[in-house]
Amino acid sequence: QVQLVESGGGLVQAGGSLRLSCAASGSTSSINVIGWYRQAPGKQRELVATIGSAGSTNYADSVKGRFTISRDNAKNTVYLQMNRLKPEDTAVYYCNARRYRVDLVKLWDVWGQGTQVTVSS
């Protein structure tokens, strides 16, 4: 099994930057895709960015050009660099890891506990 621990959230003014970290432990070699989702109050959880085992990335349109996802395989850690933050980026950010079958059916996914990001105007 895989465990995820996020860190790096906080309060920042609009236009500022934060970097989130997600440290994975356990059977990390079984992870196919790892990334970040967020959930604002009263809204559904949404994709922010993901990175595959081969390094391919995927971003929500709302964060393209401002956020960058990266991974350090030696540390089993994924980062989300968030620049030019906006008040609408305020949410709890969750790390997610998942594994797929060869036919792309999801086998499992694991969530971290979440970290709060608050952007003041």
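Just above sits the structure.
Since the structure is predicted, the reported quantities are computational estimates derived from the model, not experimental observations. (Residues numbered from 1 in each chain as written. Predicted model: local features only at pLDDT ≥ 70, side-chain atom pairs only at ≥ 80, totals over all residues. Heavy atoms only, no water.)

Student: Could you give an account of the sheet that holds strand β8 (residues 77–82), naming the residues involved and the relevant values?
Tutor: Reading across from one edge, β1-β3-β8-β7 is the order of the four strands in this open sheet, with antiparallel pairing throughout. Of all strands in the sheet, those with a lone pairing partner are β1 (2–7) and β7 (67–72), marking the two edges. Strand-to-strand twist of the sheet, defined as the mean angle between neighbouring strand axes without regard to direction, takes the value 20°. (Pairing = 2+ DSSP bridges. Helix = DSSP H or I, 4+ residues; strand = E, 2+ residues; numbered from the N terminus. Axes fitted to C-alpha atoms, helices over the stretch in contact; angles between N-to-C directions.)

Student: Quick rundown of the pairing of strand β9 (residues 91–100)? Include the residues and the values.
Tutor: With respect to burial, β9 is a largely interior element, seven of its 10 residues being buried. Where strand β4 (residues 33–39) and β9 come together, seven bridges link them in antiparallel fashion. Bridging from a neighbouring strand, Trp-36 pairs with Cys-95 of β9. Where β9 lies against strand β10 (residues 106–111), five bridges are found, and the strand directions are antiparallel. Counted as the bridge partner of Arg-98 is Asp-109 from β10. Connecting the antiparallel pair β9 and β10 is a turn made up of five residues, with Leu-104 showing a positive phi of about 70°. (Buried < 20%, exposed > 50% of the residue type's maximum accessible area, 1.4 Å probe, protein only.)

Student: How would you sum up the environment of Lys-64? Please name residues and give values.
Tutor: Following the sequence through the fold, Lys-64 ends up in the loop between β6 (57–59) and β7. Between the C-alpha atoms of Lys-64 and Val-48, which are 16 residues apart in sequence, the distance is 9.2 Å. A distance of 3.1 Å separates polar atoms of two side chains, one belonging to Lys-64 and the other to Asp-61. (Polar contact = N/O pair within 3.5 Å; in protein donor to acceptor, adjacent residues only side chain to side chain.)

Student: Got a sec to walk through the state of the cysteines? Specific residues and values, please.
Tutor: In total, this model carries one disulfide according to the counting rule given. In this model, Cys-22 is linked to Cys-95 through a disulfide, with the two sulfur atoms separated by 2.0 Å. Taking the torsion about the sulfur-sulfur bond, which here is approximately -85°, the covalent link between Cys-22 and Cys-95 counts as left-handed. Of this pair, Cys-22 sits in strand β3 (residues 18–26) while Cys-95 is found in strand β9, placing the two residues 73 residues apart along the sequence. For Cys-95, a relative accessible area of 0% corresponds to the buried category. (Disulfide = S-S within 2.5 Å.)

Student: I'd like a description of the layout of surface pockets, backed by residues and values.
Tutor: One number sums up the size of the largest pocket: a volume of about 180 Å³. When contributions to the lining of the largest pocket are tallied by element, the ones reaching two or more residues are β3, β7 and β8. Counted by class, the lining of the largest pocket contains five nonpolar, six polar and two charged residues. In this structure, the second largest pocket encloses a volume near 150 Å³. In this structure, the second largest pocket is lined by Arg-38, Gln-39, Ala-40, Lys-43, Gln-44, Glu-46, Ser-62, Arg-66, Glu-88, Asp-89, Thr-90 and Ala-91. Looking at side-chain class alone, the lining of the second largest pocket contains two nonpolar, four polar and six charged residues. (1 Å grid on protein atoms, 1.4 Å probe; cavity = no way out; pocket = protein on both sides within 12 Å on 5 of 7 lines; lining within 4 Å. Points joined across faces, edges and corners; volume = space filled by probe spheres on them. Nonpolar A, V, L, I, M, F, W, Y, C, P; charged D, E, K, R; others polar.)

Student: Help me get a handle on the side chain of Ser-30, residues and values and all.
Tutor: Tracing the sequence through the fold places Ser-30 in the loop between β3 and β4. One polar contact links the side chain of Ser-30 to the main-chain carbonyl oxygen of Ser-27, over a distance of 2.5 Å. Other than its neighbours up to four places away in sequence, Ser-30 contacts Val-2, Arg-99 and Trp-108. (Contact = heavy atoms within 4.5 Å.)

The quantities given are spatial measurements derived from coordinates; they are silent on function.
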